[in-house]
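Chains, contacts and geometry: an overview
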Amino acid sequence: MRPHLLLIRFIGLIVPRRLRVDWRQEWEAELRSREELLANWDRLDRRNKLDLLRRSVGAFWDALLLQPRRLEDDMFQDLRFGARLLAKKPGFTLLAVATLALGIGVNTAIFTGFNLLMRPRPVKDPDTVVKLDNRGGAYGQFSYSEYVAFRDHAQTVSAWLPTFGERFLLGETTTGVEPEEIGGTFVSENYLSELGGGVQIGRFFTAEENRVAGRDPVVVLSHQFWQRRFAGNPQIVGRPLSLDGKPFIVIGVTNSAFIGLSSEAPDIWLPLMMRAAMPSVHTEDFGGANPDWFGAQDYQWLSLHARLKPGRTIVEAQAEMSLLYSQLPRPTDQTPRQGAIAVTPITGQELRRAGFRNAMALALSASGLVLLIACSNLANMLLARAASRQKEVGVRLALGASRLRVMRQLLTESFLLAVLGGAAGVLLAWWSCEMFLPLLFSRWGGGDFARMSLSLTPDWRVLSFALLLSSLSGLIFGLIPALRATKPNLIAVIKEDNAAFGGRLARSWLRNGLVVAQVALCLALLIPASLLLRRLANALSADPGFETKKLLVVFYSLELTGYDEGRLQLFHQQLQERLQGLPGVAKVSPNFGFGGRATLVLPAEQDASEKRFEPAPFRWVSSDYFATVGTPLMQGRDFTAEEARTRAPVVIVSESTANRLWPDENPLGKTIRAERRLRNGAIQIDLPAAQIIGVARDAQTWRVGEIPPLFFYAPAVERKWGVEGSFLVRSTRDAASLKQLALKETLALEPVLRFDSFTMEESIARDGKVTEARNVSELATALGSLALTLAALGIYGTLAFTVAQRTREIGIRMALGAQAMNVQMLVVRQAMTLVSIGVLVGIPISIAATRVLQSMLLGSSGADLVAYGGVVSLLLIVALLACFVPARRASRVDPIIALRHE
């Protein structure tokens, strides 16, 4: 067949079916006549050639002009008929669309967040940029010497991007502007060019400026910081700035689109080699004996990113980096290197965070349950609606319509509902992103997710997901009613309205099962949310074993002052005295903090070898620590000042520790040893043969909501204070009232320092376990409330249509003497029976869901009857309210009108 005839056949597909034969014959004849003109193409003038081309391509336009007549085809006929039926029942349509919009909207909002996470980082060729993690190092970082070895010997990498983030105290050297604490990043000179960034004004620093440590104090500002702090002043280049008291010169400003590899743009960028010249660097913090700490093998401070060479894979880079790492010189203590190197892509790093993975798994599971509830609600309403159309369907089938044709009509109506619900769901999702995504992302992932949540721009992925979800939902909630409605007893339908499917509607196992399922799924969301809230409230209100409201923690840092050792000791002594003199202060104690974990060892006795227990957390404390924090001693005595000064081998253990190590014995006078295995494999003895002198009350000292099974207190070693310090301040009133007084006294001693203060109550609220539990409980509560709303809408909608379908039955009952209260109780009893069955099915599911969330629950894991009872009672009350309107409507049926209508 000639190509132009194939084209006509293809174009004919969009022509109405009943017009295709005549249309094709006419156009094929027309084309054959034009073939003669084409044979004489060379003899035609320009005007005739243009006319022939215009008429030849006119077939497509003619086919488009015939589209209005296509509305007479079956598909458009079904759409028009379905739209008219939905318009005739606006209450049903609005309820169905609202139900589906809520389910699709939540899932679309969650997918929007996934879509944001999966977007490539805003850098050049992000697929070739990888991050290196040192599994044996501090926070996955590397020493400078390790970076140099990788840089000089790696063959799979084309460029290295070392970085280090730090906070600075900014003070302009030319003005008297109030100092401000800002964030900055030390980077290599190729950082901007390798990541595809640019400068708004000025320039980035050069390789020469990043060659010698501390030689070139230059700084580049981020666009956001330039606008915020300097109002976009174009004369900023060349202006001096003071960072931690050291003068720098501004040489440029990056463009607004560049944020680098950080989660959000830092305020400033500095040359990597300037890190060694900052006042906050103290060699004693990194070994002391080695003044060249910048290249010391033991000091791991650099974060490493790299760009792979073209054609190289992550697997090859992983193998090479692991080999190079194993060949590096040993650290100064000559111990074998520990750990391994992990090479990972920068895309999707957030999804590898454990806390965030748990949150996303919870969000996806809960939003999926919400959508299932919405679909079951709509399926139930469509089942009830199909009952009211049983005679229509029966007549269609009796007159010769095929079952497939009737099912297509019913599915078309479901599809229209799905499209409307999907469109409303997308609008709802975009509107609610500002509420859900910051809750879900920023709290688990930090500023990165907060930044991404500000760029909620729709794209084809979100729209495609919403379209797919809507289509699947339409198929799910429309298929079952279509199958049931198109399989009636035709004789019974024609003879009597209520003899077929509709007459058995009240006894339909499918309808009842859907109601039970949605109630059970609702409980599976509400009970875990209630348990999370209850455990969180109990943990925050329970006695932690120490004072909270009257205990203030004061933290400060003198790293910007340049004090010598003697001045540091004098400052700490003076500050303690000033804090002790504040009105309302009862006690001030140095806060030495936790010492980590140590293995407890009971020495060997005559008839047994020594006993070793799992590593236990411990805390260094002063002689007045227990009196300050308010933790009572149940047995024995406190540490003395002399024991702290001489580092006496004595220890105080918690009640749980005493009961476990010496059950049915007096622990006082017993001896234990505390030791730790260092990363290099060596054993460090923290407490050699320490004597138990006291037993302290159990306290949530290690983690909120958790009493550690083993915990002990050791006397703090008297030591020289460093540039940082902390005090515990016990007050006779609310400790929060001392914050400003403590700040004033601290600044009076030294105005250039970093200061922070918070009550122990605020410290508990900031705890990571509490924050995670609060975030998860808020998310679960929001989704559970939505599920409860959908369940109530589903019960109401199903009962409303059931009552409408049973109008004749109710009329007969009332004509035979039934009272309004009897009819109301009939409707309510049938509905609440199903809700009760749903509760019985949902409780085991809820218990299983709670076990999955056990790691996020604070406190004991026992059954919480208040939480279970409260949720079940709430669900029953909501179900009763949902039954009220249909039951009241049923009790007001006029028997004469009902019988006459039927």
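Nothing here was measured: the structure is a model prediction, and the numbers come from that model.

Tallying secondary structure elements over the protein chain gives 29 helices and 22 strands in all. For the protein chain, the proportion of its 902 residues judged to be buried stands at 49%. Considering only intrachain contacts with a sequence separation of at least 6, the fraction spanning at least 24 residues in the protein chain is 79%. Here the protein chain displays about 42600 Å² of accessible surface, and carbon together with sulfur accounts for 58% of that area.

Mean pLDDT over the protein chain: 76, with 73% of residues reaching 70 or higher. pLDDT under 50 marks residues 282–293. Its contacts with residues more than four places away, or in other chains, come to 13 contacts. With pLDDT under 50 throughout, residues 444–454 is counted as low confidence; its partners more than four residues away or in other chains account for 30 contacts.

This next bit is on the sheet that holds strand 22 (residues 754–759). One open sheet accounts for four strands, arranged 13-21-12-22; its pairing is antiparallel. Across the chains shown, the open sheet's two edge strands, defined by having one partner strand only, are strand 13 (585–590) and strand 22. Adjacent strand axes in the sheet meet at a mean angle of 20 degrees when their direction is disregarded. As paired strands, strand 12 (residues 551–557) and strand 22 are joined by six bridges and run antiparallel to one another.

What follows concerns the packing of aromatic side chains. Tallied over the full model, the rule gives 17 aromatic pairs. Taking 5.7 Å as the distance between ring centres and 80 degrees as the angle between the ring planes, the aromatic pair formed by Phe142 and Phe150 counts as edge-to-face. Judged on exposure class, the residue Phe142 and its partner Phe150 are both buried. Pairing Phe168 with Phe186 gives two aromatic rings, centres 5.7 Å apart and planes at 65 degrees, and the pair type is edge-to-face. Residue Phe168 is found in strand 3 (residues 157–172), and its partner Phe186 is found in strand 4 (residues 180–187); the two are separated by 18 residues along the sequence. Taking relative accessible area as the criterion, Phe168 reaches 0% and is therefore assigned buried. Three or more aromatic residues joined by ring pairs form one cluster here, namely Tyr625, Phe626, Phe711 and Tyr713.

Here we take up the pattern of salt bridges. All chains considered together, the criterion is met by 16 salt bridges. Where Asp133 meets Lys131, a salt bridge forms, and the shortest distance between an N and an O atom there is 2.9 Å. Looking at Lys131, the relative accessible area reads 17%, which means it is buried. Linking Asp152 and Arg151 is a salt bridge whose minimum nitrogen-to-oxygen distance equals 3.2 Å. Relative accessible area serves as the criterion here: at 38%, Arg151 is assigned to the partly exposed category. A single salt-bridge network, built from bridges that share partners, covers Glu208, Arg211, Arg215 and Asp216.

Moving on to helix 11 (residues 314–327). Taking 1.5 Å of rise per residue, the 14 residues of helix 11 would be expected to cover 20 Å, and the 20 Å separating its terminal C-alpha atoms lies within 8% of that figure. Three or more residues of helix 11 are buried, namely Ala317, Glu320, Met321, Leu324 and Tyr325. The buried residues of helix 11 occupy an angular sector of 130 degrees when projected down its axis, which confines them to one face. Of the exposed residues in helix 11, those oriented more than 90 degrees away from the buried face are Val315, Ser326 and Gln327.

Once that is clear, we can look at the side chain of Asn190. Here Asn190 is to be found in the loop between strand 4 and helix 9 (191–194). What makes Asn190 buried here is its relative accessible area of 19%. One polar contact links the side chain of Asn190 to the main-chain carbonyl oxygen of Trp160, over a distance of 3.2 Å.

Positive charge collects at one region of the surface, where Arg80, Arg84, Lys88 and Lys89 lie side by side. Looking at where Lys89 falls in the secondary structure, it is placed in the loop between helix 6 (74–88) and helix 7 (90–118).

Right, let's get into unusual backbone geometry. With a phi angle near 45 degrees, Asp125 is a residue other than glycine that sits in the positive phi range. In this structure, Ala231 takes a positive phi of about 55 degrees despite not being glycine. By secondary structure assignment, the location of Ala231 is in the loop between helix 10 (223–230) and strand 7 (240–243). Take Ala231: its relative accessible area is 65%, and that puts it in the exposed class.

Within helix 10 the residues assigned to the buried category are His223, Phe225, Trp226, Arg229 and Phe230. Down the axis of helix 10, the sector holding all buried residues measures 165 degrees, keeping them to one side. Where helix 10 ends, the next residue or the one after it, Ala231, has phi of about 55 degrees, a positive value.

A separate point is the packing of helix 8 (residues 144–153) against helix 11. In contact at an axis separation of 10 Å, helix 8 and helix 11 are set at 125 degrees when each is read in the N-to-C sense. Of the possible angle classes, the one that applies to helix 8 and helix 11 is oblique. Of the two possible hands of crossing, helix 8 and helix 11 adopt the one that is right-handed. On helix 11, the residues touching Glu146, Phe150 and His153 of helix 8 are Glu320, Met321, Leu324 and Tyr325. Looking at side-chain class alone, the contact of helix 8 with helix 11 contains four nonpolar, one polar and two charged residues.

Our next topic: a nonpolar patch on the surface. The grouping of Leu475, Leu479, Ile480 and Leu483 at the surface amounts to a nonpolar patch, some 290 Å² of accessible area in total. Ile480 sits in the partly exposed class, given a relative accessible area of 35%.

Time to look at the pairing of strand 4. Taken across its eight residues, strand 4 has seven buried, putting it largely inside the fold. As paired elements, strand 4 and strand 9 (residues 268–271) share four bridges and run parallel to each other. In the strand pairing of strand 9, Thr185 is matched with Trp269.

Here Leu880 lies in helix 28 (residues 865–891). As for Leu880 and Val828, which are separated by 52 residues in sequence, their C-alpha atoms are 7.3 Å apart. When near neighbours in sequence (up to four residues on either side) are disregarded, Leu880 contacts Val828 and Met832.

In this structure, Arg534 sits in helix 18 (residues 509–541). Owing to a relative accessible area of 29%, Arg534 belongs among the partly exposed residues under this scheme. Sequence separation between Arg534 and Ser777 is 243 residues, and the spatial gap between their C-alpha atoms is 9.4 Å. Setting aside residues up to four positions removed in sequence, Arg534 forms contacts with Asp864, Val866 and Ala867.

Parameters at a glance
- Residues numbered from 1 in each chain as written.
- Predicted model: local features only at pLDDT ≥ 70, side-chain atom pairs only at ≥ 80, totals over all residues.
- Heavy atoms only, no water.
- Helix = DSSP H or I, 4+ residues; strand = E, 2+ residues; numbered from the N terminus.
- Buried < 20%, exposed > 50% of the residue type's maximum accessible area, 1.4 Å probe, protein only.
- Contact = heavy atoms within 4.5 Å.
- Areas by Shrake-Rupley, 256 points an atom, 1.4 Å probe, with all protein chains shown as cover.
- pLDDT = per-residue confidence, 0-100.
- Pairing = 2+ DSSP bridges.
- Axes fitted to C-alpha atoms, helices over the stretch in contact; angles between N-to-C directions.
- Phe/Tyr/Trp six-rings, centres within 6.5 Å; stacked < 30°, edge-to-face > 60°.
- Salt bridge = Lys/Arg side-chain N within 4 Å of Asp/Glu carboxyl O.
- Expected span 1.5 Å × (residues − 1).
- Arc of directions from axis to C-beta.
- Polar contact = N/O pair within 3.5 Å; in protein donor to acceptor, adjacent residues only side chain to side chain.
- Patch = residues over 30% accessible without salt bridge, like charges linked within 9 Å, V, L, I, M, F, W, Y side chains within 5 Å.
- Lys, Arg positive; Asp, Glu negative; His and termini not counted.
- Charge placed at Lys NZ, Arg CZ, Asp CG, Glu CD.
- Parallel < 35°, antiparallel > 145°, perpendicular 65-115°, else oblique.
- Left-handed = near helix turned anticlockwise from the far one by under 90°.
- Nonpolar A, V, L, I, M, F, W, Y, C, P; charged D, E, K, R; others polar.

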